[in-house]
Each structure stands twice: as C-alpha cells, then as structure tokens.
Number of protein chains: 2
Amino acid sequence: MRQAPRKSTRRAVAKCKDARSASLMIRIDFGAFGLLGPGKIQLMELIAKHGSISAAGKEMGMSYRRAWLLVDEINHIFREPLVLSQIGGAGGGGAQVTEFGHEVIRQYRAIQQAAAEACDAHVRALVASLADKPRAVLEEETR
Amino acid sequence: MRQAPRKSTRRAVAKCKDARSASLMIRIDFGAFGLLGPGKIQLMELIAKHGSISAAGKEMGMSYRRAWLLVDEINHIFREPLVLSQIGGAGGGGAQVTEFGHEVIRQYRAIQQAAAEACDAHVRALVASLADKPRAVLEEETR
C-alpha cells in the first residue's frame, strides 16, 4: 500500500517522543502529470541552498542518481523547468532553482499553511485521543 | 526518500490521462504515535464494508499479513482500538470498525474536505501551469 511509511523514513519528530501534536503531510496528486510532495519540495529547497543536486540529495540521505531522477520528474510536471542543471565542471556541475521553481515552492508552502489552519480543530480532536504514550516508549517500559 | 511514489502505487487517476486537475493526499503525522493517511483510512472503510481484514486487504492488493500489521499499527495510535478482530472461525474470523474508528474516519474525511476547500486557489494556480501533456502521453507520441 502506498501510504505506509517506508522503512527508511526518518522523522524529525521522532526526537521528541512525547510531543502530543500533529502535522499534516501534503502531497498534491496531479494525476498522470505526477505527484508533488514534501520530499520534492525539500529537495528543491536544498538545491537552492547548495547550488547542487548532489549536495541536496546527500543532505536528504539519497544517492545522486535518485536525486537526479526526482529532479527529472519534477521538471516534467509543469510547462517550465523548476531546476536547471549544468553537466560537468568542478564538483559535478551546478544546479539552480528557476524563478518558476521558487514560485511552485511558495505555492506548496502556502497550501501547507492554509491546510494546517483550516484543519486545526479536527487535528486537535484527533490529538486529544492519542494513546497515553507512543507504542515504542510503552514497549521499552514493559520490558 | 519517503515522499516518492512506490513502484506499486496504483493511481485511479491514471485511467484519465489528460485530466487537468489535482487532489490533495493528506497524511497526519502524530510523531512517535504514528502516521494516519489515505491507505489506513481506506483499509478501515473496506473492513467496515466487508467485515474482514483479509477481504479489505485483498481489495487493496495487499497480503493478509500486511493488512493485519497496518490494523495493529492503527490500533496503537489512539487510546481506544479502531478495529476489532476475532481470530479463527469460518473464513478466518471477522473484523469490525468500532464507533471510535468511524469517528476517526469522519475526522480524517473532514480534514481532507477542509484542506481541499482552503487550498483550492493555490492548487488551481499550480494546475494552470501543468505541462501541455503528461509525460507518458508525450513519450508515446514521440516514439
């Protein structure tokens, strides 16, 4: 099933095991055009930061090949490219996020913000019903 | 990276290759308590429909073991169980979604609805920038 977390998922929230809160992870499904979710957005943000697909992928723990394939996917969803890359050169060539790419990142972040605000009451209702402790902590204590 | 689609992802939208629209796929991240997304919700809805974890999993193309593990995960996120199952019996025992389980499904569907409404303008802006044709169609035509 596509919605289950992968084994490799590293969640920042795992650092804070007792935090009784929740966040929405939003993926936009454009049908046959593709998917745009937090991973592709983060990859683009890191490409903008590092000026390199390889460095961006590395920071996310993925291979250059995987990062490159994701960029290739991202660039075929929309009419214009979101990331421009340059083959070769020192350090394997550079990459940059286009103005249109930055606009897509802004729209995605706006979607995330609007959804979080609109859903706040429902999310709080679910958080109020969370178990007393996360399962992992429970298992540790009952060993 | 967790956000890329799995190879096994079967998207209903793939049937309609030229549909220029988008939908939000929302996963709620409860940190150490777990994740709740469209797959677990659909699984619960199908358990309610079929009265069986096995039949629900089968309709989603997953093994009984996988469906059972997901139900086990779901049941440890919150204070109360969402699915009750009965071991053995004809057909491997039955299963049902609890009243609390139905309430969680309702909250999730309300979150989905509220997010879709709140994000409509941003999503439309992105849809307006989609490529002329989905990549698969392009590739078929240029063969």
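All figures in this text were calculated on a predicted structure; none of them were measured in a lab.

The rules we used
Residues numbered from 1 in each chain as written. Chains lettered and ligands numbered in written order. Predicted model: local features only at pLDDT ≥ 70, side-chain atom pairs only at ≥ 80, totals over all residues. Heavy atoms only, no water. Buried < 20%, exposed > 50% of the residue type's maximum accessible area, 1.4 Å probe, protein only. Helix = DSSP H or I, 4+ residues; strand = E, 2+ residues; numbered from the N terminus. Pairing = 2+ DSSP bridges. Salt bridge = Lys/Arg side-chain N within 4 Å of Asp/Glu carboxyl O. Least-squares fit on C-alpha atoms with pLDDT ≥ 70 in both. Contact = heavy atoms within 4.5 Å. Buried area = accessible area lost by both parts, 1.4 Å probe. Polar contact = N/O pair within 3.5 Å; in protein donor to acceptor, adjacent residues only side chain to side chain. Nonpolar A, V, L, I, M, F, W, Y, C, P; charged D, E, K, R; others polar. Disulfide = S-S within 2.5 Å. Core = buried A, V, L, I, M, F, W, Y, C linked by side-chain atoms within 4.5 Å.

**Quick notes on the pairing of strand β1 (residues 23–29) of chain B**
Across the seven residues that make up β1(B), a large majority, six, are buried. Inspection of the sheet shows strand β1 (residues 23–29) of chain A paired to β1(B) by seven bridges, in the antiparallel sense. Following the sheet pairing, Leu24(A) is matched in β1(B) by Ile28(B). As paired elements, β1(B) and strand β2 (residues 35–36) of chain B share two bridges and run antiparallel to each other. Note that in β2(B) the partner of Ile28(B) across the bridge is Leu36(B). From the end of β1(B) to the start of β2(B), which pair antiparallel, there are five residues, and Gly31(B) there has a positive phi angle of about 60°.

**Description of the pattern of salt bridges**
Within this structure, the stated rule accounts for 16 salt bridges over all chains. In this structure, Lys49(A) and Glu59(A) form a salt bridge, with 3.4 Å as the shortest nitrogen-oxygen distance. With Lys49(A) in helix α1 (residues 38–50) and Glu59(A) in helix α2 (residues 53–59), this residue pair connects regions lying ten residues apart in the sequence. With a relative accessible area of 57%, Lys49(A) lands in the exposed category. Exposure remark for Glu59(A): the relative accessible area of 42% places this residue in the partly exposed category. In this structure, Arg109(B) engages Glu45(B) in a salt bridge whose closest nitrogen and oxygen atoms are separated by 2.8 Å. Of this pair, Arg109(B) sits in helix α4 (residues 99–128) while Glu45(B) sits in helix α1 (residues 38–50); the two residues are 64 residues apart in sequence, bridging distant segments of the chain.

**Observations regarding the relation of the copies chain B and chain A**
Mapping chain B onto chain A is achieved by rotating through 180° and translating by 0.0 Å along the same axis, at an RMSD of 0.0 Å. In symmetry terms, the pair is related by a two-fold rotation axis.

**Some remarks on the interface of chain B and chain A**
A common way to express how large an interface is: the accessible area buried when the components associate. With 63 residues of chain B in contact, the opposing surface of chain A contributes 63 residues. The junction of chain B with chain A conceals about 6400 Å² of combined surface from both sides, 63% of it contributed by carbon and sulfur atoms. Scanning the region where chain B abuts chain A turns up four salt bridges. Between Asp72(A) and Arg135(B) there is a salt bridge, with the nearest N and O atoms lying 2.6 Å from each other. Between chain B and chain A we count 18 residue pairs in polar contact (both at pLDDT 80 or more) in total. Of all elements in the fold, only β1, α1, α3 (64–77) and α4 of chain B reach the threshold of two or more residues within the side of chain B that touches chain A. At 15 residues, α4(B) tops the list of elements feeding residues into the side of chain B that touches chain A. The residue inventory of the side of chain B that touches chain A, partitioned by class, reads 36 nonpolar, eleven polar and 16 charged.

**As for the state of the cysteines**
Linking two cysteines covalently via their sulfur atoms produces the bond known as a disulfide. Taken as a whole, this structure holds zero disulfides over all chains when the rule is applied. You can see Cys119(A) has no disulfide; the closest cysteine sulfur is in Cys119(B), sitting 7.6 Å from it. You can call Cys119(B) buried: its relative accessible area is 0%.

**So, the nonpolar core**
With 76 residues, the main nonpolar core has Phe30(A), Phe78(A), Phe30(B) and Phe78(B) as its most contacted residues. Once residues within four sequence positions are removed from consideration, Phe78(A) is found in contact with Phe30(A), Leu36(A), Phe100(A), Val104(A), Leu126(B), Ser129(B), Leu130(B) and Ala131(B).

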